[in-house]
Amino acid sequence: MRALALLLVALAAGAALAHEADPGAASITPENLLADVRALAAPELGGRLPGTAGYEAAMRFCTERFASLGLTPGGDDGWSQRLTMELNEIRSCELALTGADGVAAPLALGVDYACRGFTGSGVADAPVVFVGYGLSLPERGHDDYAGLDVRGKVVLAVKPAPKWEPADGQGWGDAHLPRPKARAARDHGAVGLLLVPHPAATRPQPAIASVLHGPGEQVGDLPQAELTAAAAARLCAGGLAELAGLVAAVDEAKAPASRELPGRARLAVDAAYDPAAPTANVVGVLPGTDPELRDECLVIGGHLDHVGRQGEVYWPGANDNASGAAAVLALARAFAEGGVLPRRTVVFVLFAGEEQGLNGARWFVAHPARPFERTVAMLNLDCVAHGDSIQLGGGGSQPALWGLARGLDAAHARLSTARTWPGGGADAEPFHEAGVPTLYFASTPSYTHLHQASDTPETLNPLLHAELTRLAYRTAVEIAQGRYVGEAGERP
Ligand SMILES: [Zn+2]
């Protein structure tokens, strides 16, 4: 079925390529997109972590393209819209476990484990204590550390929030995020933190690299990693079944069931933390030509950043989001080479810091480099090249915008699914919160390799990538030429 779907995509794309009359759409090709993805996902760019030389190189790649296409710089410093954000460069991250059987086994970085993006530095070599979800909220009726001595120990905690509510019924807020958990571990005297996916999940999460960390001060002296449930199971005499049982006991009682495990861990990390590393969004503008409409803009965005490298391993982020960045560049090329003279102004943006918490998009919305009378719509391209179909988010709250794209898809490749959601999501979220109609382009199923070192160009579907980008282009042209006026009731 999957093979058939891919074949149909190939046929549809081939037919479209052969008969494409619109020179803008014709300029969007699988080859061009894949070449840009390969450039952005290359080892030299090291996973495009904002504040690093690799991210700077990715920015240069995009500014040179914008310049060669004749766009106007749209940042506050040429093409760059400067901002700062936290940066943690992980120079080495080593984890080894000694199992309950006393046998030491090396683990593979990027496969069995990965450092947390905001890990502290240090060497922890100690017995492991299971601490449930690693939450210490005694004032709220839950403390996984109550009555436990973890001084000098490595603690093992389940990574996600519990599916059940705390006793006060107020939810877990940010307490389940890695940084608050690291602070709880360090405050109790632990020397290392290991996070494990819920072992009874239907599809247990792999060990992913992530720089999402939660609020508060950096815990710079506590090494922190996450590992697969299969790897963590070696710490228990009864393997995965016993580990799952330990977590089930917490879930059933909705109360701590922490205890020492027979295994031990050695976690050694060397990381350099900067609380305010300079970085930037890249912004290129195609000015509007209509005196009535050029003070209105359409924003076309995608995030340029990914989760960087850890020692010798880097996370290429080919689908997430070299694919979306390549699509933004291809859209700029399509407007330029298609000779489109947009009535509204079109702003092309590559955001920094999506992975850390939408930093670049939030900054862009809060600090417009150029004020516009109105941002009529924001198109977001994120994870757009893996899978066999297209999903369009935003239909739940922007039916007119969503209907426009669905109609264009129906007239061309017919690859979009009926599934949608309300506006926002990822970099579209700050725009949605500011009242801008958003449409979120993603491929589906898109997240097979999400935040794994296996998110490489070889796993992408370039034909789908091209069709999705053409759909975004056709949608963008309609908006830019004033044929989309907004959602019903929004504006006369
Ligand atoms: Zn992404």
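As the structure is a prediction and not an experimental result, all values here were calculated from the model. (Residues numbered from 1 in each chain as written. Predicted model: local features only at pLDDT ≥ 70, side-chain atom pairs only at ≥ 80, totals over all residues. Heavy atoms only, no water.)

Topic: the packing of helix α8 (residues 318-337) against helix α13 (residues 462-480)
Thinking step 1. Two elements in contact, α8 and α13, have axes separated by 10 Å at closest approach and are oriented at 50°. Viewed along their axes, α8 and α13 adopt a mutual orientation that is oblique. Once α8 is placed against α13, the crossing between them reads as right-handed. In this structure, α8 contributes S323, A326, A327, A330, L331, A334 and F335 to the contact, and α13 contributes H465, T469, A472, Y473, A476, V477 and A480.
Thinking step 2. Taken together, the residues of the contact of α8 with α13 sort by class into 11 nonpolar, three polar and no charged. (Axes fitted to C-alpha atoms, helices over the stretch in contact; angles between N-to-C directions. Helix = DSSP H or I, 4+ residues; strand = E, 2+ residues; numbered from the N terminus. Parallel < 35°, antiparallel > 145°, perpendicular 65-115°, else oblique. Left-handed = near helix turned anticlockwise from the far one by under 90°. Contact = heavy atoms within 4.5 Å. Nonpolar A, V, L, I, M, F, W, Y, C, P; charged D, E, K, R; others polar.)

Let's talk about the coordination of the zinc ion
Thinking step 1. Listed as protein donors to the zinc ion are H303 (NE2), D320 (OD) and D382 (OD); their distances from the metal cover 2.0 to 2.5 Å.
Thinking step 2. Mapping the donors of the zinc ion onto the primary sequence yields the spacing H-x16-D-x61-D. Of this pair, H303 sits in strand β12 (residues 296-303) while D382 sits in the loop between β16 (374-381) and β17 (389-393); the two residues are 79 residues apart in sequence, bridging distant segments of the chain. Accessibility assignment for this pair places H303 and D382 in one class, buried. (Donors = N, O, S within 2.8 Å, 3.2 Å for Na, K, Ca; no water. Buried < 20%, exposed > 50% of the residue type's maximum accessible area, 1.4 Å probe, protein only.)

Things to note about the environment of H386
Thinking step 1. Inspection of the secondary structure assignment puts H386 in the loop between β16 and β17.
Thinking step 2. Distance from H386 to N461, taken between C-alpha atoms, is 5.6 Å for residues 75 residues apart in sequence.
Thinking step 3. If we ignore the near neighbours within four places in the chain, the residues touching H386 are N319, S443, T444, P445, S446, T448, H449, T459, L460 and L464.
Thinking step 4. Side-chain polar atoms of H386 contact the side chain of T448, separated by 2.9 Å. (Polar contact = N/O pair within 3.5 Å; in protein donor to acceptor, adjacent residues only side chain to side chain.)

Topic: the side chain of H306
Thinking step 1. Among the secondary structure elements, H306 is positioned in the loop between β12 and β13 (309-310).
Thinking step 2. There is a polar contact of 3.1 Å between the side chain of H306 and the side chain of E355.
Thinking step 3. Apart from residues lying up to four places away in sequence, H306 is in contact with G47, R48, L49, P50, W315, P316, G317, D320, E355 and H451.

Quick word on the nonpolar core
Generally speaking, soluble globular proteins have nonpolar side chains that are buried together.
Thinking step 1. Counting residues in hydrophobic clusters, the biggest one holds 70 residues, and the most contacted among them are I300, F335, F348, L381 and F441.
Thinking step 2. A per-element tally of this core places α8 first, with 12 residues.
Thinking step 3. Once you skip the residues sitting within four places of it in the chain, L381 turns out to touch I300, G301, G302, H303, N321, G324, A327, V328, L331, F441, L468 and A472.
Thinking step 4. In terms of nonpolar packing, the next biggest core, distinct from the first, is built from 48 residues, F130, A175, A225 and A271 among them. (Core = buried A, V, L, I, M, F, W, Y, C linked by side-chain atoms within 4.5 Å.)

What to know about the packing of aromatic side chains
Thinking step 1. Throughout the structure, instances matching the rule amount to 11 aromatic pairs.
Thinking step 2. Taken together, a centroid distance of 5.9 Å and an interplanar angle of 75° make the contact between F335 and F348 edge-to-face. Remark: F348 occurs in strand β15 (residues 345-351) and F335 occurs in helix α8; sequence separation between them is 13 residues.
Thinking step 3. On the basis of relative accessible area, F348 is assigned to the buried category, the value being 0%.
Thinking step 4. Ring centres 5.6 Å apart and planes at 85° place the aromatic pair F335 and Y473 in the edge-to-face group. Residue F335 is found in helix α8, and its partner Y473 is found in helix α13; the two are separated by 138 residues along the sequence.
Thinking step 5. Overall, the relative accessible area of 1% leaves F335 in the buried class.
Thinking step 6. Pairwise contacts between aromatic rings join F66, W79, F335, F348 and Y473 into one cluster. (Phe/Tyr/Trp six-rings, centres within 6.5 Å; stacked < 30°, edge-to-face > 60°.)

Quick word on the state of the cysteines
Thinking step 1. Using the criterion set out here, one finds one disulfide in the structure.
Thinking step 2. Between the sulfur of C93 and that of C115 lies a disulfide, 2.3 Å long from S to S. Between C93 and C115 the sulfur-sulfur dihedral comes to about 100°; the bridge is accordingly right-handed. Placement of the pair is C93 in strand β2 (residues 80-98) and C115 in strand β4 (residues 113-115), with a sequence separation of 22 residues.
Thinking step 3. Its relative accessible area of 4% is what places C93 among the buried residues.
Thinking step 4. Using a relative accessible area of 0% as the deciding quantity, one classes C115 as buried.
Thinking step 5. For the unlinked cysteine C383, the closest cysteine sulfur is that of C62, found at 16 Å.
Thinking step 6. Residue C383 is classed as buried on the basis of its relative accessible area, which comes to 3%. (Disulfide = S-S within 2.5 Å.)

Remarks on unusual backbone geometry
Thinking step 1. N321 follows D320 through a cis peptide bond whose omega is -5°.
Thinking step 2. Omega for the bond connecting T444 with P445 falls within 30 degrees of zero, at -10°, which places this linkage in the cis form.
Thinking step 3. For P445, the position within the fold is in the loop between β18 (438-444) and α13.
Thinking step 4. In the Ramachandran plot, L358 falls in the positive-phi region, its phi being about 65° despite a non-glycine side chain.

Some words on the domain arrangement of the protein
Thinking step 1. By domain assignment, the protein separates into domain 1 (2-70 + 287-480) and domain 2 (88-272).
Thinking step 2. Its C-alpha centre places domain 1 at a distance of 35 Å from the equivalent point of domain 2.
Thinking step 3. Between domain 1 and domain 2, the residue contacts involve 15 residues of the former and 18 residues of the latter.
Thinking step 4. Between domain 1 and domain 2, roughly 1,300 Å² of surface is buried when both sides are summed, and carbon and sulfur atoms account for 61% of that area.
Thinking step 5. Counting every contact that joins domain 1 to domain 2 gives zero salt bridges.
Thinking step 6. Summed over the shared surface of domain 1 and domain 2, the result is three residue pairs in polar contact (both at pLDDT 80 or more).
Thinking step 7. When residues of the side of domain 1 that touches domain 2 are traced back to their parent elements, those giving at least two are β13 and α9 (354-357).
Thinking step 8. For the side of domain 1 that touches domain 2, the element with the most residues is α9, which contributes three residues.
Thinking step 9. When the residues that make up the side of domain 1 that touches domain 2 are grouped by side-chain class, the tally is six nonpolar, seven polar and two charged. (Domains from an automatic or database assignment. Buried area = accessible area lost by both parts, 1.4 Å probe. Salt bridge = Lys/Arg side-chain N within 4 Å of Asp/Glu carboxyl O.)

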